[in-house]
Amino acid sequence: MTGPDTPASFKLAYVPGVTPSKWVRIWNERSPDVPLELVQTTAAEAAALVREREVDAVLLRLPIDREGLHAIPLYTETTVVVVPKDHLVAAADEVTVDDIADEIVLHPLDDTLDWDAPPGKPALERPATTADAIELVAAGVGLLVVPQSLARLHHRRDLTYRPISGTPESGVALSWPDEETSDLMEQFIGIVRGRTVNSTRGRQQAPEKKTQEKAPAKGKRPQATGWKPQAGNRRAPQGGKRGKPRRRG
């Protein structure tokens, strides 16, 4: 629901690997008069973007510095290891950190997993981005551990990935400034939480009290219309004939 003070649009930022298309589609169905603008950002800049009010909200990866921000965790991703298709790891359905302990594991500067360093042996230099690290994996320099959505985002025909245990997982959250939450923000929160259209239009209001009609008392019949003789009064209706008195013998 919009009004005179409602912004002309709702601006949503998102980090690589996060796909907000489903939520955008629902927004467009429910609020066709309020365009939703998408802004792609990096994981490192995502929190600052919403904290500085450059966007209304952001879909980002946890953990973050929550000072001045709300954050609703949405889901947790599977962590995978990206390898060349002819690597031994590709023959397994799932691996552990011990399986790659002797491998060079790349650690890009934009790494989104909450650890000081990945397992395995470190490379001589850290790639600037995850995209650069993918190129190095394809060149046979090392392996890469990332959230599954990033492995899909940077998919190459000569690479594959497998789930890996013993590593941190990446959580995705919706974040916005912790000051007063606008009606449009409430509406988007409702969409990502799967609320119905009736519960996402602006702020929640107290339900109106419904008046109930009194039911008739149990056992009482409605009053009938028409004439009914009273007890002890058995007179015939006016104009009727009386019977002749019986003669005594």
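Above this text is the structure in question.
Any details on the side chain of glutamate 77? Residues and values, ideally.
Looking at where glutamate 77 falls in the secondary structure, it is placed in the loop between β4 (69-76) and β5 (79-84). At 2.8 Å, the side chain of glutamate 77 forms a polar contact with the backbone nitrogen of serine 149. Here glutamate 77 is in contact with Arg61, Pro147, Gln148, Ser149, Glu169, Ser170 and Val172, once residues within four sequence places are set aside.

A description of the nonpolar core should follow, citing residues and the corresponding values.
In terms of nonpolar packing, the biggest core is built from 34 residues, with Phe10, Leu12, Trp27, Leu60, Leu174, Met185 and Phe188 touching the most fellow members. Listed by contribution, the elements that provide at least two residues to this core are β1 (10-14), α1 (21-30), α2 (46-51), β3 (57-62), β4, β10 (171-177) and α5 (183-192). The element best represented in this core is α5, accounting for six residues. The contact partners of phenylalanine 10, leaving out residues within four places of it in the chain, are Trp27, Val34, Pro35, Leu36, Glu37, Asp56, Ala57, Leu184, Met185 and Phe188. Core analysis: the second largest hydrophobic core is formed by twelve residues, Val83, Val95, Leu113 and Trp115 among them.

Report on the packing of aromatic side chains, specifying residues and quantitative values.
Tallied over the full model, the rule gives three aromatic pairs. Between tryptophan 27 and phenylalanine 188 the ring centres are 6.2 Å apart and the planes differ by 55°, which places this aromatic pair in the tilted class. In this pair, tryptophan 27 sits in helix α1 while phenylalanine 188 sits in helix α5, placing the two residues 161 residues apart along the sequence. In terms of burial, tryptophan 27 and phenylalanine 188 fall into one category: buried. Among the aromatic residues, those joined into a cluster by ring pairs are Phe10, Trp27 and Phe188.

Hey, could you go over the sheet that holds strand β6 (residues 95-96) for me, with residue numbers and the actual values?
Spatial ordering of the open sheet is given by β6-β9-β5-β8-β7, a layout of five strands whose pairing is mixed. Looking at which strands have only one partner, the edges of the open sheet turn out to be β6 and β7 (105-106). Sheet strands in contact with helix α3 (residues 130-138) are β5, β7, β8 (143-147) and β9 (159-165), and its direction is about 140° off that of β8.

Give me the lowdown on the sheet that holds β10, citing residues and values where you can.
Spatially, five strands are ordered β2-β1-β3-β10-β4 in an open sheet, and the strand pairing comes out mixed. Of all strands in the sheet, those with a lone pairing partner are β2 (36-40) and β4, marking the two edges. Between one strand and the next, the sheet's axes are offset by a mean angle of 25°, whatever the strand orientation. For β3 and β10, the ladder comprises five bridges, and the chain directions are antiparallel. Looking at the pairing, valine 58 lines up with serine 175 of β10. Where α1 meets the sheet, its contacts fall on β1, β2, β3 and β4, and the angle it forms with β2 comes to roughly 160°. Of the strands in this sheet, β1, β2, β3, β4 and β10 are in contact with α5, which crosses β10 at around 165°.

I'd like a description of the environment of isoleucine 26, backed by residues and values.
Looking at the element boundaries, isoleucine 26 is found in helix α1. On the basis of relative accessibility, which here comes to 15%, the residue isoleucine 26 falls in the buried class. Here the alpha-carbon distance between isoleucine 26 and valine 192, two residues 166 residues apart in the chain, equals 9.4 Å.

Kindly report on the pattern of salt bridges, identifying the contributing residues and their values.
Inspection of the entire model under this criterion finds five salt bridges. Taking the shortest distance from any N to any O, the salt bridge between arginine 61 and glutamate 77 comes out at 2.6 Å. Of this pair, arginine 61 sits in strand β3 while glutamate 77 sits in the loop between β4 and β5, and the two are 16 residues apart along the sequence. In this structure glutamate 77 comes out as buried when scored by relative accessible area, which is 8%. By sharing partners, the salt bridges in this structure join Glu135, Arg156 and Asp158 into a single network.

Give me α3: which residues, what numbers.
Along α3, the positions that sit buried rather than exposed are Thr130, Ala133, Ile134 and Val137. Angularly, the buried residues of α3 cover 105° about the axis, an arc narrow enough to put them on a single face. The positive-phi residue at the C-terminal boundary of α3 is glycine 140, with phi of around 85°.

Cut-off values and rules
Residues numbered from 1 in each chain as written. Predicted model: local features only at pLDDT ≥ 70, side-chain atom pairs only at ≥ 80, totals over all residues. Heavy atoms only, no water. Helix = DSSP H or I, 4+ residues; strand = E, 2+ residues; numbered from the N terminus. Polar contact = N/O pair within 3.5 Å; in protein donor to acceptor, adjacent residues only side chain to side chain. Contact = heavy atoms within 4.5 Å. Core = buried A, V, L, I, M, F, W, Y, C linked by side-chain atoms within 4.5 Å. Buried < 20%, exposed > 50% of the residue type's maximum accessible area, 1.4 Å probe, protein only. Phe/Tyr/Trp six-rings, centres within 6.5 Å; stacked < 30°, edge-to-face > 60°. Pairing = 2+ DSSP bridges. Axes fitted to C-alpha atoms, helices over the stretch in contact; angles between N-to-C directions. Salt bridge = Lys/Arg side-chain N within 4 Å of Asp/Glu carboxyl O. Arc of directions from axis to C-beta.

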